[in-house]
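Spelled out, the chains give:
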Amino acid sequence: MIVVGVDGGSRAVKVVLLDADSNLVLAAGERDQSVDHEGVARVLLNELLEKRNLTQDAVKRVVATGYARNLIRFASSTVTEITCHAHGVRRQHPDARTVVEVGGQDSKLLRLNEDGSVRDFQMNDRCAAGTGRFLEMVSVRLEMPLTEIGKLASRANTRSAISSMCVVFAESEIIGLLAGGVPREEIAAGVQQAVATRVAALAGRSATPPVYFTGGVARVSGMDRALADAFGQPVQVARDPHLTGALGAALIAARQARNGG
Amino acid sequence: MTTRLTPLTLAQWDARYEELKRGGLSEPSYGGRLSRHLEDGDLRLPKLRYDPSVAALRLWNFLLSEEDRLAQARASGRKIVGAMKDLGTVPVMAYSLPNVTAFYPDGAWWIPCVMELSAGVFRAADACGLDESFCPVRAMLGAFVTQAHFPIPDLLTCSVGATCDDFSAIAQRLNGLGYPILWWEIPHRRAPDPGEKSVVLPGGFVASTAQVAFVRSELERVRRALEELAGVPLDDARLADGIRMANEARRRLAELRRCVYHSDPCPLPALEMLVAEMLIIHFCSDRGETLSVYADLLAEVEARRKAGVGLAEGAVRVFWVNPVADLQVMNLLEDCGGRLCGTEYLFCHAVDEIPEDVEPLDALARAALADPMVGSSADRAQRICRDAEAGRAEAVIVSRIPGASHCAYEGYAIREAVARQLGLPVIELEVPPVSDSMRPALRTRIEALMETARNRRAQ
């Protein structure tokens with residue numbers, strides 16, 4: 001019995017194909033998001049099915065998550081990314097007690113019970129300064145690919161202070177720093193620290209270890225170290241961190257299918 | 001066996017209204033189709049969903065006709081008092097007089113929502129130097145400038161001291177524009193010193209008798225101003241009558257809250273309950289009519305409880321903290337599978353009865369000091385925990401108002417207290433006056449909270 005998890009993120013769509021009987025991942029992939037969220041998800045799903053010599057008829061159930069979840073009309077049901085990330089991380093890292101997810105347009109902190117269920121969560125809601133959107137803006141300003149920001153930051157001896165709570169103001173700060181001749185390495189390091197500080201603020205006074213890092217931004221090198229600095233404790237990048245939400249959605253789809261959903 | 005209550009759109013309400021009229025519907029003078037308020041510019045109305053009862057129709061028409069009522073009061077020669085930054089003290093005094101109508105200018109903070117920013121009140125406030133970094137109650141300043149929403153009051157009172165900084169700035173700007181204000185001071189409610197004489201306030205907070213005496217002396221100044229305005233004495237007998245009537249309204253609201261928040265399925269939607277609760281602060285410019293509106297709502301709710309009519313069974317029981325700037329978010333709670341089981345909209349002290357066994361002005365001073373906003377955030381959080389537990393809450397939502405400085409830290413303090421003492425999931429939401437562009441993000445947060453609460457229930 002095949003089930004599918006679709007994570008319609010702001011930056012990319014991720015799909016996981018799962019064998020509901022064994023809970024084994026059969027295929028997984030991602031594509032850049034567009035204005036046609038459902039179209040992108042469908043193309044990606046078909047690619048993955050084809051890869052496994054399967055047809056859509058084989059799919060028993062689809063669960064959609066992510067900010068575009070309600071636009072995926074072929075989904076059987078929707079579940080928020082908070083619940084899905086918790087399920088996905090639990091599957092890969094059963095010891096997880098805190099999950100930090102940083103995506104394109106928001107960031108979240110999940111506190112998990114020992115059984116992996118969500119005890120509590122926080123999400124940023126005031127600005128994009130703790131999100132991937134911030135890093136994207138910076139990569140454009142520094143004229144380099146997003147994936148290179150971490151490498152650049154690792155060469156810095158010191159970090160620039162980015163104090164604005166707002167991405168637009170922060171961009172002005174970065175323009176000012178560049179105009180002042182501040183090396184790009186220092187700006188990149190400062191930006192990573194600024195993102196990490198905003199995210200860590202979601203935890204308030206404490207984050208129960210172990211802390212796992214998921215979402216697309218977890219693939220940006222150096223962000224885990226910046227987060228570890230901000231949290232004051234180790235932060236581990238989850239396995240395939242960009243797919244955690246889709247994996248969680250697929251696991252929920254499997255449970256629903258087994259329960260006759 | 002229960003019957004599912006289905007809220008109506010504005011268009012559906014119009015169709016139902018025609019049916020009701022054909023059936024001989026009897027209405028108060030301010031009655032009529034809900035959609036008629038669209039002609040006054042209340043553009044948000046088509047985006048809300050409404051309880052289908054005649055009692056709810058009366059509630060909405062009462063709320064949305066306040067401007068007409070104030071204009072009639074002015075035309076008939078009644079004295080009008082604008083009681084600013086006052087959640088239920090000065091209006092009790094004003095309504096103790098025979099020829100005075102009090103209202104709540106701060107209520108203008110909902111104009112930008114109801115009129116979808118079309119009223120120009122924010123623009124007028126901007127022009128006075130109070131931009132979006134201030135609490136949306138700056139809409140009140142805009143309403144004074146445009147003079148399009150309420151008559152200029154004969155007397156303006158405003159509490160100051162342990163109140164919101166933003167509001168003080170806004171009121172001072174209003175004062176600077178040439179509107180005289182009678183300021184009365186409310187001190188920060190402190191814990192009594194060891195051995196200091198103290199008194200338990202309505203709702204359970206404690207204050208020193210010295211603080212009560214101080215507030216009483218401030219209210220004495222308000223009493224004299226009201227007497228001068230009305231031209232009749234506001235003696236203790238009149239005040240006691242006024243307190244009795246206010247308590248009657250408070251009892252009815254308390255009973256409505258008990259019936260709605262403690263019943264399963266929930267017999268009245270969150271949106272109508274928010275509006276009903278707001279009436280208690282200033283009676284929507286008509287104390288007598290407020291009593292009738294409450295009586296109708298209570299009768300409707302009682303009938304639904306007996307008949308097993310209500311919103312979705314098994315909805316997650318949510319305790320809601322702070323009123324929302326966009327009314328639509330209360331609909332969203334139910335869309336996401338939640339229901340209210342209790343609230344703390346910053347004026348829980350206006351629901352608690354005013355003591356009737358002490359001298360009236362002393363009783364009002366105690367009621368004023370019971371305001372959750374004049375004490376510490378920890379005090380407020382304690383009451384929220386107590387009330388959430390009594391309502392068997394499964395989750396707590398703390399809504400914030402952008403720019404409202406009295407909310408900045410309280411959300412954190414409340415969240416911590418709820419998580420620590422009750423172990424409940426809690427989220428904070430920032431809700432601007434028109435939240436359409438943020439609706440997906442708000443939905444995600446509320447849905448995730450419902451999922452978390454349901455998972456806890458299953459365990």
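Everything below is about the structure shown above.
What counts, and at which threshold
Residues numbered from 1 in each chain as written. Chains lettered and ligands numbered in written order. Predicted model: local features only at pLDDT ≥ 70, side-chain atom pairs only at ≥ 80, totals over all residues. Heavy atoms only, no water. Salt bridge = Lys/Arg side-chain N within 4 Å of Asp/Glu carboxyl O. Buried < 20%, exposed > 50% of the residue type's maximum accessible area, 1.4 Å probe, protein only. Pairing = 2+ DSSP bridges. Helix = DSSP H or I, 4+ residues; strand = E, 2+ residues; numbered from the N terminus. Axes fitted to C-alpha atoms, helices over the stretch in contact; angles between N-to-C directions. Contact = heavy atoms within 4.5 Å. 1 Å grid on protein atoms, 1.4 Å probe; cavity = no way out; pocket = protein on both sides within 12 Å on 5 of 7 lines; lining within 4 Å. Points joined across faces, edges and corners; volume = space filled by probe spheres on them. Nonpolar A, V, L, I, M, F, W, Y, C, P; charged D, E, K, R; others polar. Polar contact = N/O pair within 3.5 Å; in protein donor to acceptor, adjacent residues only side chain to side chain.

Caption draft 1: Region of the structure containing the pattern of salt bridges. Residue and element names in this part refer to chain A. Taken as a whole, this structure holds 57 salt bridges over all chains when the rule is applied. The salt bridge involving D7 is made with K14; its shortest N-O contact spans 3.9 Å. Side by side, D7 and K14 carry an identical accessibility label, which is buried.

Caption draft 2: Representation of the sheet that holds strand β3 (residues 100-103) of chain B. All names here are of chain B. An order of β3-β2-β4-β5 is seen for the four strands of this open sheet, with the pairing classed as parallel. Edge positions in the open sheet fall to β3 and β5 (182-186), since each of these has one partner strand only. Along the sheet, successive strands turn relative to each other by an average axial angle of 25°, direction set aside. Examined bridge by bridge, strand β2 (residues 79-84) and strand β4 (residues 155-161) share four bridges and lie parallel to one another. Of the residues in β4, the one forming a bridge with A83 is T157. Contacts between helix α8 (residues 165-176) and the sheet are confined to β2, β4 and β5, with β4 contributing the most and set at about 145° to the helix.

Caption draft 3: Expanded view of empty space enclosed by the protein. All names here are of chain B. Counting across every chain of the model gives five cavities of 30 Å³ or more. Here the second largest cavity defines a volume of roughly 80 Å³. Lining of the second largest cavity is provided by 13 residues; of these, L87, T89, W184, A368 and D371 occupy positions nearest its centre. In the lining of the second largest cavity, the residues fall into five nonpolar, five polar and three charged.

Caption draft 4: Just the side chain of R339 of chain B, in detail. Residue and element names in this part refer to chain B. Mapped onto the elements of the fold, R339 is located in strand β10 (residues 338-344). Residue class for R339 comes out buried when judged on its relative accessible area of 2%. For R339, the side chain forms a polar contact with the main-chain oxygen of Y261, separated by 3.1 Å. In this structure the side chain of R339 is engaged in a polar contact, spanning 2.4 Å, whose partner is the backbone oxygen of S263. With sequence-adjacent residues up to four places away left out, R339 is seen in contact with V260, Y261, H262, S263, D264, P265, C266, A315, V316, R317, V318 and L333.

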